[in-house]
Amino acid sequence: MQSSSHLNGPTTAVDTSTSNWTVGDVMALMESWYPAATAQSWDRVGLIVGDPAAPVRSILLALDPTAAIADQAVAGPSGDEQSFDMVITHHPLLLRGASFLPVTDPKGGVVTTLIRSGIALFNAHTNADVACDGVATALADLIGLRDTVPLEPCGTDAEGHEIGLGRVGTVTETTLGAFADHVASVLPAGPTGLFVGGDENATVRRVAVLGGAGDSALEAARAAGVDVYLTADLRHHPASEHLEGGAPALLCGSHWATESPWLPVLARKIREAARAADVELRVEVSTIVTEPWTSHRVTQGELA
């Protein structure tokens, strides 16, 4: 059984000898919870821009390093005239090399905005996905899964907890329709809602979740013997072929909605670590919905 309440990971690497942490201290804390070595080989995690020696008094947490998030970081905490000192996102700014980052380029604009304001940008991506208190566990906890274990195990962490992509757990027996209603009621509100694939009268006891794009784990969910698989970004053909092949039923939320529940968990972990170290630190979670879509319409046309 995997516990989902390990909020105080090892913090021995963090320098607590000063009244404020530095960017490097926060980096060390994140490394203790989400080691870069556990990220997938194609991923890019760590400090994107900023000075590890710079002091940190405030941190903004967000899913995506977009222009809107950079602008929010510059505006600073509510009621404060200073900008945030650091932004931590789940997604990386760049997954591939870039030869040019002019301010006219969207990503170049983010880099320029942050550097001009002295704001550090750090990310934890697939290393946060697989972690004991990471993205998958946050989603599992949000929808009420019990006795969770990784869907695709990849090892253990420093404290001996099993880690891996996704989570599998149980719920009190219900129907797919009722469970879908429950999931829709607790996922963060966004423009795309929740898609349901399967017999809504079917029984649901065992559930798999994977925040973000989950096409790659369709077979793992089937092999786990679950009744329903909740993920995001399911494409037409993989989803259709999967459902024709049998269980599990599918629930497809948005990428942002299925991964952003991790942000309040991370905020709590950082606040508790700062409090334990007697460090004054303000941590806020961005409420900006960084979906690419802005609204939803019900289509009503007919085929001729």
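Per an unreviewed UniProt entry, the protein chain goes by GTP cyclohydrolase 1 type 2 homolog and derives from Schaalia odontolytica. Quoted verbatim from the Sequence similarities (unreviewed entry) field of the UniProt record, the comment on the protein chain reads "Belongs to the GTP cyclohydrolase I type 2/NIF3 family." Looking at the protein chain in UniProt, the text filed under Subunit (unreviewed entry) is "Homohexamer."

Trainee: Would you explain the overall build of the protein chain in this entry?
Mentor: A count of helical and extended segments in the protein chain gives 10 helices and 13 strands. On C-alpha atoms alone, the protein chain measures out to a radius of gyration of 20 Å, which is about the 19 Å that the 2.2 N^0.38 rule sets for 304 residues. Projected onto the principal axes, the alpha-carbon positions of the protein chain cover approximately 60 × 50 × 35 Å. Counting all 304 residues of the protein chain, 47% fall into the buried class.

Trainee: What should I look at first to understand helix α3 (residues 106–116) in this one?
Mentor: Note on helix geometry: an α-helix contains 3.6 residues per turn, so any two residues three or four positions apart are oriented the same way. Looking at α3, one finds that the buried residues are Gly108, Gly109, Val110, Val111, Thr112 and Leu114. Considering only its buried residues, α3 is in contact with β2 (46–49), α2 (67–75) and β6 (120–123). Its side-chain oxygen placed 2.9 Å from the backbone nitrogen of Lys107, Asp105 serves as the N-cap of α3. In the segment just after α3, Gly118 is the residue with positive phi, at about 65°.

Trainee: Would you take a moment to explain unusual backbone geometry for this structure?
Mentor: Of note, the bond from Ala247 into Pro248 is cis; its omega dihedral lies within 30 degrees of zero at 5°. Mapping Pro248 onto the fold places it in the loop between α8 (236–244) and β12 (249–253). The phi angle at Asp147 is positive, at roughly 50°, despite the residue not being glycine. For Asp147, the location among the structural elements is in strand β7 (residues 146–156).

Trainee: Would you mind going over the packing of aromatic side chains with me for this structure?
Mentor: What characterises a pair of aromatic rings is the spacing of the ring centres plus the angle enclosed by the ring planes. One pass over the structure, following the stated rule, counts two aromatic pairs. With 6.3 Å between their ring centres and 70° between their planes, Trp33 and Tyr34 make a pair best called edge-to-face. Of the two residues examined, Trp33 and Tyr34, each falls in the buried class. Consider the rings of Tyr34 and Trp262, whose centres lie 5.6 Å apart with planes at 80°: the pair is edge-to-face. Note that Tyr34 is positioned in the loop between α1 (23–33) and β2 and Trp262 in helix α10 (residues 262–276), a separation of 228 residues in sequence.

Trainee: When you look at the domain arrangement of the protein chain in this model, what are you seeing that I'm missing?
Mentor: A common way to report how large an interface is uses the accessible area buried once the components associate. Looking at the protein chain, the domain boundaries give domain 1 (23–127 + 259–285) and domain 2 (132–253). Domain 1 and domain 2 are separated by 28 Å when their C-alpha centres are compared. Domain 1 puts 10 residues into the contact, and the matching count from domain 2 is 10 residues. Taken together, the two surfaces of domain 1 and domain 2 that pack against each other cover about 790 Å², and 73% of this comes from carbon and sulfur. When the buried area of domain 1 at its contact with domain 2 is split by residue, Glu259, Pro261 and Trp262 rank highest and sum to 51% of it. One salt bridge in this structure joins Asp133 and Lys269, with 3.5 Å as the shortest N-O distance. One can count two residue pairs in polar contact (both at pLDDT 80 or more) joining domain 1 with domain 2. Counting residues per element, the side of domain 1 that touches domain 2 draws most heavily on α10, at three residues. Classifying every residue of the side of domain 1 that touches domain 2 gives four nonpolar, four polar and two charged.

Trainee: I keep staring at the packing of α1 against α10 and nothing clicks. Help me out?
Mentor: Angle between the axes and distance between the axes are the two parameters that describe a pair of packed helices. Relative orientation of the contacting elements α1 and α10 amounts to 120°, with a least axis distance of 12 Å. With respect to α10, the axis of α1 lies oblique. Every pair of crossing elements has a handedness; the one defined by α1 and α10 is right-handed. Facing Leu29, Met30 and Trp33 of α1, the residues of α10 in contact are Leu266, Lys269, Ile270 and Ala273. Its residues placed into classes, the contact of α1 with α10 shows six nonpolar, no polar and one charged.

Analysis parameters
- Residues numbered from 1 in each chain as written.
- Predicted model: local features only at pLDDT ≥ 70, side-chain atom pairs only at ≥ 80, totals over all residues.
- Heavy atoms only, no water.
- UniProt positions renumbered as here; feature names shortened; annotations may be inferred.
- Helix = DSSP H or I, 4+ residues; strand = E, 2+ residues; numbered from the N terminus.
- Rg over C-alpha atoms; globule rule 2.2 N^0.38 Å.
- Buried < 20%, exposed > 50% of the residue type's maximum accessible area, 1.4 Å probe, protein only.
- Contact = heavy atoms within 4.5 Å.
- Polar contact = N/O pair within 3.5 Å; in protein donor to acceptor, adjacent residues only side chain to side chain.
- Phe/Tyr/Trp six-rings, centres within 6.5 Å; stacked < 30°, edge-to-face > 60°.
- Domains from an automatic or database assignment.
- Buried area = accessible area lost by both parts, 1.4 Å probe.
- Salt bridge = Lys/Arg side-chain N within 4 Å of Asp/Glu carboxyl O.
- Nonpolar A, V, L, I, M, F, W, Y, C, P; charged D, E, K, R; others polar.
- Axes fitted to C-alpha atoms, helices over the stretch in contact; angles between N-to-C directions.
- Parallel < 35°, antiparallel > 145°, perpendicular 65-115°, else oblique.
- Left-handed = near helix turned anticlockwise from the far one by under 90°.

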